[in-house]
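Each chain, written out:
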Amino acid sequence: MPPETIAGYLAALRAELAFDPPLCARVCAEVQDHLYAAIEAEPSGGDEADAVARFGSPHALAEQYRVLSLFTRMRRSGVTLVLAVAAVFVVMEARLAWYALTQWNASAGLKAITAVVLPIDRYAFLTAAACGLAGWLYALLATPSTGLSIALGALRRCQLLLRIAALAIAVAVVVEVFLSLYRFAEAGASTAVLLPAATILLEAACVLAVALSLRKTAHRLNLLPH
Amino acid sequence: MEGEILKGHLDMIILAALAAGPSHGYGVIQEIRRRSRGAFDLPEGTIYPALHRLEKSGLLSSRWVDGPSARRRRVYALTRRGNSALTRHRAVWRRFTGAVQGLIGKPRYAS
């Protein structure tokens, strides 16, 4: 049964907008002011049920906000991805600098493996950087459309770019982990592996952060009507 | 007025309603009703996601102000980009209505 009082309407709207608490607080405050203003504007004193009915269904209103909120969420995922790619690059360079500083040279076996897997690492990283930047810029510049199907199309294209970037950075990090573990196994138990091991953990944490952010965004996107 | 036609032009209608000066959501709806002489009668809630979207696009700015009855209200205003967008919308609309009028208006036959 549709709400007939302002309190009932706001409660229903709060439940519908629970996916984005800051947005919910702002929208509910605006709607509350609107409904009371509508009642006060009636010369003979307005009726709450009429004001609520004129406003439209809380569900329909929340669906429009869901799309707007998803664009914000997608931009956030894009930022997370771009920062993660940059962090992986910095950490990887720091590890290589550490190897050079400690004169920890690669063995002949490691050099042979590196020659094979390094192009995979390099192209995966470049793909992650290019698609991540493209996805983030797309989310940043896309104007949320009034039409749901157009907005959904833009969101899905952006999601695809970010997913490709996430997969590529995961591949690059897996290659880095493999090469590092090979190097650590050759060195045996030594305190020299502690810093490179920490950098590997940092890279893995970056990939995990990206995966979690994209998963949350995908979940919200799947809740939209198709 | 047909709802779908109206929705397609909602951005332009809101920008035009705010051209007179900053206003809160309820004021925007009243302005739209007044200037359309009651022809545009949308469900009132429709306006808020559109205001939010236009703000996100940089065409509007907004801020909370203290309203009557100790309630806070969010007041929206056109930004410079919003003004430019409205000017563009107006030019496109004039060309469009002129062309449609030429097509579906009363035909004039050459004598």
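Just so we're clear, the structure is a prediction, and the values are computed from it rather than from any experiment. (Residues numbered from 1 in each chain as written. Chains lettered and ligands numbered in written order. Predicted model: local features only at pLDDT ≥ 70, side-chain atom pairs only at ≥ 80, totals over all residues.)

J.: So what's going on with the overall build of chain B? Which residues, and what values?
T.: When helices and strands are tallied, chain B shows five helices and three strands. In sequence order, the secondary structure elements of chain B are arranged as α-α-β-α-α-β-β-α. When each of the 111 residues of chain B is scored for burial, the buried share is 29%. Once local pairs closer than 6 in sequence are excluded, the contacts in chain B between residues at least 24 apart make up 46%. (Helix = DSSP H or I, 4+ residues; strand = E, 2+ residues; numbered from the N terminus. Buried ≥ 20, exposed ≤ 12 C-beta atoms within 10 Å, placed from the backbone. Contact = placed C-beta atoms within 7 Å.)

J.: Give a description of the sheet that holds strand 2 (residues 60-66) of chain B that names residues and reports values.
T.: All names here are of chain B. Pairing within the open sheet is antiparallel, and its three strands lie in the order 1-3-2. Either end of the sheet is taken by a strand with one partner, and the two such strands are strand 1 (23-24) and strand 2. Lying on the sheet, helix 4 (residues 47-56) is in contact with strand 2 and strand 3 (72-78); it crosses strand 2 at an angle near 120°. (Pairing = 2+ DSSP bridges. Axes fitted to C-alpha atoms, helices over the stretch in contact; angles between N-to-C directions.)

J.: So what about the packing of helix 5 (residues 108-141) of chain A against helix 6 (residues 148-187) of chain A? Which residues, and what values?
T.: Residues and elements named next belong to chain A. Where helix 5 meets helix 6, the axes come as close as 7 Å, and the angle between the chain directions of the two elements is 155°. Looking at the two axes, helix 5 sits roughly antiparallel to helix 6. Where helix 5 crosses over helix 6, the two elements pack in a sense that is left-handed. (Parallel < 35°, antiparallel > 145°, perpendicular 65-115°, else oblique. Left-handed = near helix turned anticlockwise from the far one by under 90°.)

J.: Describe in detail the nonpolar core, supporting the description with residues and values.
T.: Here is a general trend for soluble globular proteins: nonpolar side chains tend to be buried in one another's company. Of all hydrophobic cores here, the largest spans 36 residues; its most connected members are Leu35(A), Ile14(B), Leu18(B) and Leu51(B). Elements supplying a minimum of two residues to this core: helix 1 (6-16), helix 2 (21-41), helix 3 (48-55) and helix 4 (58-101) of chain A together with helix 2 (10-18), helix 3 (25-35), helix 4 and strand 3 of chain B. The contacts of Ile14(B), once residues within four sequence positions are left out, are Val28(B), Ile47(B), Ala50(B), Leu51(B) and Leu54(B). Grouped together as the second largest cluster of nonpolar side chains are 35 residues, Met74(A), Phe125(A), Cys131(A) and Trp136(A) included. (Core = buried A, V, L, I, M, F, W, Y, C linked by C-beta atoms within 7 Å.)

J.: Requested: an account of the interface of chain A and chain B, with residues and values cited.
T.: Counting from both sides, the interface comprises 18 residues of chain A and, opposite them, 20 residues of chain B. For the side of chain A that touches chain B, the secondary-structure elements that each account for two or more residues are helix 2, helix 3 and helix 4 of chain A. Ranked by residue count, the leading element in the side of chain A that touches chain B is helix 2 of chain A, at eight residues.

J.: Can you tell me about helix 4 of chain B, naming the residues and giving the values?
T.: In terms of residue burial, helix 4 of chain B counts as a mostly covered element, since eight of its 10 residues are buried. Regarding helix 4 of chain B, the residues found buried are Ile47(B), Tyr48(B), Pro49(B), Ala50(B), Leu51(B), His52(B), Arg53(B) and Leu54(B). Buried residues belonging to helix 4 of chain B abut helix 2 and helix 4 of chain A together with helix 2, helix 3, strand 2 and strand 3 of chain B. Immediately downstream of helix 4 of chain B, the backbone of Gly58(B) shows phi near 85°, a positive value.

J.: Explain the domain arrangement of chain A to me, and be specific about the residues and the numbers.
T.: Domain assignment breaks chain A into domain 1 (6-56) and domain 2 (69-222). The straight-line distance from the C-alpha centre of domain 1 of chain A to that of domain 2 of chain A is 44 Å. (Domains from an automatic or database assignment.)

J.: Quick rundown of unusual backbone geometry? Include the residues and the values.
T.: At Gln103(A), a position not held by glycine, the phi torsion is positive, near 55°. In this fold, Gln103(A) is placed in the loop between helix 4 and helix 5. Positive phi values are uncommon outside glycine, yet Arg37(B) reaches one of about 55°. Along the chain, Arg37(B) falls in the loop between helix 3 and helix 4. Take Arg37(B): there are 7 C-beta atoms within 10 Å of it, and that puts it in the exposed class.

J.: How would you sum up helix 4 of chain A? Please name residues and give values.
T.: Here helix 4 of chain A contains 44 residues, and its C-alpha end-to-end distance of 62 Å stays within 8% of the 64 Å for a straight helix at 1.5 Å per residue. Gln103(A) occupies a position one or two residues after helix 4 of chain A and carries a positive phi of about 55°. (Expected span 1.5 Å × (residues − 1).)

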